[in-house]
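Commentary on secondary and tertiary structure
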Amino acid sequence: MAVILQCAVAFAPVTKPANAQVVMPMPPYLANFPNFAPAVTPRMPGDVDIALKTRLEKAKQFAKVQREFDLNAWQMFLALNWPTNNQGKAAPTLEDTSFGPPHWTLWHNSSAIFQDDGAVPQTCGQSIAALGLTLSRNLARPVSRGLPPFRLTANAAPNPRTTRYLGVVSAVGELNAANLGSDIQQAFTGPLIDQNGNFVFYEIMIDPNEVNYLCANKLYNINGQVAFTGNGGKVDMPIGHPNQDWSGSFELKFAWKILGPKDDTSRFFVQDALVMDQGPDGKPLQRSVKVGLVGMHIGHKSETSPQWIWATFEQVDNLDVDPVAHPNLHASFNDPNCPICATNIQPVATNGVYPRVPVQVARTIPIPKDKAALNAQVAAALGKGKSVWQYYELIDTQWPTDPTSAPPAWNSGLSQAVSNKPGGQPTPVFLTNITMETYFQAGNQPACHQEEGVPQSANCPPVYNSQAPGTAIPAYTPAPPFWTSTLNNGSAPVLPGISTQVLATESCMGCHSSAGVWTSYNPQLPPSKQAANAQSGQLTGDFSWLLTQKASWQAAP
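About the criteria used
Residues numbered from 1 in each chain as written. Predicted model: local features only at pLDDT ≥ 70, side-chain atom pairs only at ≥ 80, totals over all residues. Heavy atoms only, no water. Phe/Tyr/Trp six-rings, centres within 6.5 Å; stacked < 30°, edge-to-face > 60°. Helix = DSSP H or I, 4+ residues; strand = E, 2+ residues; numbered from the N terminus. Buried < 20%, exposed > 50% of the residue type's maximum accessible area, 1.4 Å probe, protein only. Lys NZ or Arg CZ within 6 Å of the ring centre and 35° of its normal. pLDDT = per-residue confidence, 0-100. Contact = heavy atoms within 4.5 Å. Axes fitted to C-alpha atoms, helices over the stretch in contact; angles between N-to-C directions. Left-handed = near helix turned anticlockwise from the far one by under 90°. Nonpolar A, V, L, I, M, F, W, Y, C, P; charged D, E, K, R; others polar. Parallel < 35°, antiparallel > 145°, perpendicular 65-115°, else oblique.

1. Details of the packing of aromatic side chains
Scanning the entire structure with this criterion turns up 19 aromatic pairs. Geometrically, the ring pair formed by W104 and W256 is tilted, given 6.3 Å between the ring centres and 45° between the ring planes. Taken together, the residues W104 in the loop between helix 2 (62-80) and strand 1 (108-109) and W256 in strand 4 (residues 250-258) connect sequence positions 152 residues apart. Across this residue pair, the class does not change: W104 and W256 are buried. Clustering of aromatic rings is evident, with ring pairs tying together W74, F77, W104, F254, W256, F269, F313, W389 and Y392. Of note, R356 hangs over the ring of F199, and the distance from its end group to the ring centre comes to 4.0 Å.

If you want it as structure tokens, here you go:
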């Protein structure tokens, strides 16, 4: 049975008497609320349905408000992955993959906007409509700083819609085969090695609305950011509205696994890829491979969520498989035959070269039961049309329950100093994708490691060091309190809270709230004095790490 594309008639304007409030019809993806509507469409909502959200909140049905955001997350996922031709037209059905690649393949890769030499992107100056129809890619510049450009065969034109060009092996930052041996200490997180012994590769795509904003404000390089902030500019990405499809800023992050002979390719979204791998000598090595999608983050700034909506998805076989139903299937990131394997331990290089020992990955916070139930509904609906997207699952959706709530100071006490670190009162408090935040799943740890702006003088206790195996958390004197439900239900903040042991992984909103923008930069400074180059603090980069992590300095001609 095909997954049928619904027509847009339900969205026709509603005629109302003069001075009456116009009530928009409920979008089709909510037609079966709170359950999944199996007649899926390629429409991209600019926000959740605000009228429904308001009614549910007034009735104190907060679990159903979360379900509305989860259904919105699935709708965004399907709209982004809907087969779309080169003119931007959506296929009649989700499974009609011959019609074209997914919609997001028409967007710009972050390396095409934030170029390694800080150059002005060729695409700047185009209309938003043209920015959403990217049919070619300039590979004369490398996909990440320090890497050589890809070598293409004679007369081969790089097709960004059907081929991935990958070189980054860290989900945050510019870690690649050219700097794996030297820059690991400066990276947020190191490489992930799958059960086949291959690096996982990452890429970020940016929607036309955000690209247009970056171009208009010259934020694509450090020079432009310094000038922008020096003139009093504040980063404020475009915002989405529920009555305007495809509105607002979108940032997508993808995790790609190199497919091997033991992988069932029918269970992955697969594309051809050129990857810049690390060779046996530690130097970049170009490889031509097939890659399968194993993780996908969606960040969307909208009217209800100025701190952005964060939805994260994974391929269902990442951590475990059913050995009875699928005896020949293997999990991508976990070996079930090694129950004593240490989990989520960052690999260590020897003389700059990483031995390809698989990382044993585990999920610290389980997928909530309501999410698992919703995912089962989606899989059943998409399975009828034989869509490959039936093999993907929503981990969770994070959003701000009170966008006006400011982040508290690090020393204001628990629980708010951790649970509301980014402001906005996010729910859920923590959200991680095991393919992208593998090593952020620390579990029990001192609260100060999750608080924003803790000064070095506060003597924040060290955490377990995964880059030095055997290093343990030191003993505390006196022993710190452990956070309990009794403390959590108290009416007053617990002070000081800095050494209190809390359960914490990471938060999309919390992490991205720390993103800033360049405010000063001197390219002549030696490495020992690079700290003099300044970035702004929390809540100044509008929740986008691209500005500081991807931007480069453009040298004078």
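Right, picking up where we left off after that structure.
2. What about the confidence of the model for the protein chain?
Here the protein chain averages 90 in pLDDT, while 91% of its residues score no lower than 70. Contacts for the low-pLDDT stretch residues 1-16, under 50 throughout, to residues beyond four places or in other chains number 35 contacts. Contacts of residues 464-477 to residues separated by more than four positions or lying in other chains number 21 contacts, the stretch itself having pLDDT below 50.

3. Some points on the packing of helix 2 against helix 7 (residues 369-384)
Running from N to C, helix 2 and helix 7 cross one another at 35°; their axes reach a closest spacing of 11 Å. For the crossing formed where helix 2 meets helix 7, the hand is right-handed. Along its contact with helix 2, which presents Q66, R67, D70, L71, W74 and L78, the element helix 7 presents D370, K371, L374, N375, V378 and L382. Split into classes, the residues belonging to the contact of helix 2 with helix 7 amount to six nonpolar, two polar and four charged.

4. Side note on the packing of helix 1 (residues 50-58) against helix 2
At a closest axis distance of 8 Å, the pairing of helix 1 and helix 2 adopts a crossing angle of 160°. The pairing of helix 1 with helix 2 is recorded here as roughly antiparallel in orientation. By crossing handedness, the relation of helix 1 to helix 2 is classed as left-handed. Facing helix 1, whose interface residues are L52, K53, L56 and E57, helix 2 presents F62, K64, V65, E68 and F69. For the contact of helix 1 with helix 2, the per-class residue count stands at five nonpolar, no polar and four charged.

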